[in-house]
Amino acid sequence: SAVISQKPSRDICQRGTSLTIQCQVDSQVTMMFWYRQQPGQSLTLIATANQGSEATYESGFVIDKFPISRPNLTFSTLTVSNMSPEDSSIYLCSVFTAYEQYFGPGTRLTVT
Amino acid sequence: AQSVAQPEDQVNVAEGNPLTVKCTYSVSGNPYLFWYVQYPNRGLQFLLKYITGDNLVKGSYGFEAEFNKSQTSFHLKKPSALVSDSALYFCAVRVRSATDKLIFGTGTRLQVFP
């Protein structure tokens, strides 16, 4: 199993600013995933982060808007840049291990 | 395109009655299928998975799901619903690719009435 923590748990930010979300896993994993869940919606994959290489972004998501770092096998950050109210969502970190996918508690972001 | 569909936005059931939450998928190769539950203001919780083997998979909280390859379905079931089962349920399929990503259905809100 894997235990995932995220910081911050929630934040309220002004438009035009940036927020960096941290994800820490209690074991070493090859790939970490970042998802977004907009209000009342399902989860959408933003990008996949491998340690030591550039993140792979899904259609509709770009590195300039959502830069990701993956400095080691237990940690990753996602930055939401130049925020607008449309970025108000829950952002979740996730890892896949032993045929199960685990999710962090999420970061609830509100952009005003 | 590889995808997963949950045709019902909401399912209503009386407490004590059996419940079914539907899921169909479209993937190439053998699918890895998952069910997750999300309670209000709480994180996503794993319920059960199908990787291979027995088509009937048993999971947490008395839930089970049946993998049907010919119908490409993976419906979630429970013999007797509880009010506390009321939550948002997501079906997901693992897409075998360079990133092995998990794709989610749109979610089904289950409402169990006393």
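Right above here is the structure, for reference.
Figured I'd write up the structure that's included with this text. (Residues numbered from 1 in each chain as written. Chains lettered and ligands numbered in written order. Predicted model: local features only at pLDDT ≥ 70, side-chain atom pairs only at ≥ 80, totals over all residues. Heavy atoms only, no water.)

## As for the pattern of salt bridges
Step number 1: Evaluation of the coordinates by the stated rule reveals six salt bridges over all chains.
Step number 2: One salt bridge connects B:Lys49 with A:Glu100, and the closest N-O pair in it is separated by 3.1 Å. You can see B:Lys49 sitting in strand β6 (residues 44-50) and its partner A:Glu100 sitting in strand β10 (residues 100-103), one on each of two chains.
Step number 3: Assessed through its relative accessible area of 17%, A:Glu100 is described here as buried.
Step number 4: The partner of B:Asp85 in a salt bridge is B:Lys78, with the nearest N and O atoms 2.8 Å apart.
Step number 5: A relative accessible area of 3% places B:Asp85 in the buried class. (Salt bridge = Lys/Arg side-chain N within 4 Å of Asp/Glu carboxyl O. Helix = DSSP H or I, 4+ residues; strand = E, 2+ residues; numbered from the N terminus. Buried < 20%, exposed > 50% of the residue type's maximum accessible area, 1.4 Å probe, protein only.)

## Details of the layout of surface pockets
Over the atoms a probe the size of a water molecule is rolled, and this reveals where empty space is left.
Step number 1: A volume near 500 Å³ is recorded for the largest pocket.
Step number 2: Lining the largest pocket we find 26 residues, and of these A:Ile90, A:Arg108, B:Gln38, B:Asn41 and B:Arg42 sit closest to its centre.
Step number 3: Only β9 (89-97) and β11 (107-111) of chain A together with β10 (87-94) of chain B provide two or more residues apiece to the lining of the largest pocket.
Step number 4: Take the lining of the largest pocket: its biggest share by element is four residues, from β11(A).
Step number 5: Broken down by class, the residue content of the lining of the largest pocket amounts to nine nonpolar, 13 polar and four charged.
Step number 6: The computed volume of the second largest pocket comes to approximately 170 Å³.
Step number 7: Put simply, the parts of the chain that give the lining of the second largest pocket at least two residues each are β5 (43-50) of chain A together with β11 (102-104) of chain B.
Step number 8: Here the lining of the second largest pocket is composed, by residue class, of seven nonpolar, three polar and two charged. (1 Å grid on protein atoms, 1.4 Å probe; cavity = no way out; pocket = protein on both sides within 12 Å on 5 of 7 lines; lining within 4 Å. Points joined across faces, edges and corners; volume = space filled by probe spheres on them. Nonpolar A, V, L, I, M, F, W, Y, C, P; charged D, E, K, R; others polar.)

## Here's the deal with the interface of chain A and chain B
Step number 1: Between chain A and chain B, the contact holds 18 residues from the first and 20 residues from the second.
Step number 2: Buried area between chain A and chain B, summed over both chains or domains, comes out near 1,600 Å², and the portion from carbon and sulfur atoms is 57%.
Step number 3: Salt-bridge contacts for B:Lys101 lead to A:Glu58; the nearest nitrogen and oxygen are separated by 2.6 Å.
Step number 4: Our enumeration of links across chain A and chain B arrives at seven residue pairs in polar contact (both at pLDDT 80 or more).
Step number 5: Elements that contribute at least two residues to the side of chain A that touches chain B include exactly β4 (31-37), β5 and β10 of chain A.
Step number 6: Take the side of chain A that touches chain B: its biggest share by element is four residues, from β4(A). (Contact = heavy atoms within 4.5 Å. Buried area = accessible area lost by both parts, 1.4 Å probe. Polar contact = N/O pair within 3.5 Å; in protein donor to acceptor, adjacent residues only side chain to side chain.)

## Brief notes about the packing of aromatic side chains
Step number 1: For the structure on display, the rule yields 13 aromatic pairs over all chains.
Step number 2: Pairing A:Phe103 with B:Tyr36 gives two aromatic rings, centres 5.4 Å apart and planes at 85°, and the pair type is edge-to-face. Residue A:Phe103 is found in strand β10, and its partner B:Tyr36 is found in strand β5 (residues 32-38); the two belong to separate chains. The burial state of A:Phe103 is the same as that of B:Tyr36; both residues are buried.
Step number 3: Aromatic side chains B:Tyr50 and B:Phe67 sit 4.1 Å apart centroid to centroid with 20° between the ring planes, which places their arrangement in the stacked category. A residue pair is termed long-range when its members are at least 10 positions apart, and B:Tyr50 in strand β6 and B:Phe67 in strand β8 (residues 64-68) qualify at 17 residues.
Step number 4: Judged by its relative accessible area of 8%, B:Tyr50 is buried.
Step number 5: Judged by relative accessible area, B:Phe67 falls into the buried class, the value being 6%.
Step number 6: Within the aromatic cluster, the residues linked to one another by ring pairs are A:Tyr35, A:Phe103, B:Phe34, B:Tyr36, B:Phe46, B:Phe90 and B:Phe104.
Step number 7: Lying over the aromatic face of A:Phe96, B:Arg94 brings its terminal NZ or CZ to 3.1 Å of the ring centre. (Phe/Tyr/Trp six-rings, centres within 6.5 Å; stacked < 30°, edge-to-face > 60°. Lys NZ or Arg CZ within 6 Å of the ring centre and 35° of its normal.)

Interpretation in functional terms is not warranted from these geometric data alone.
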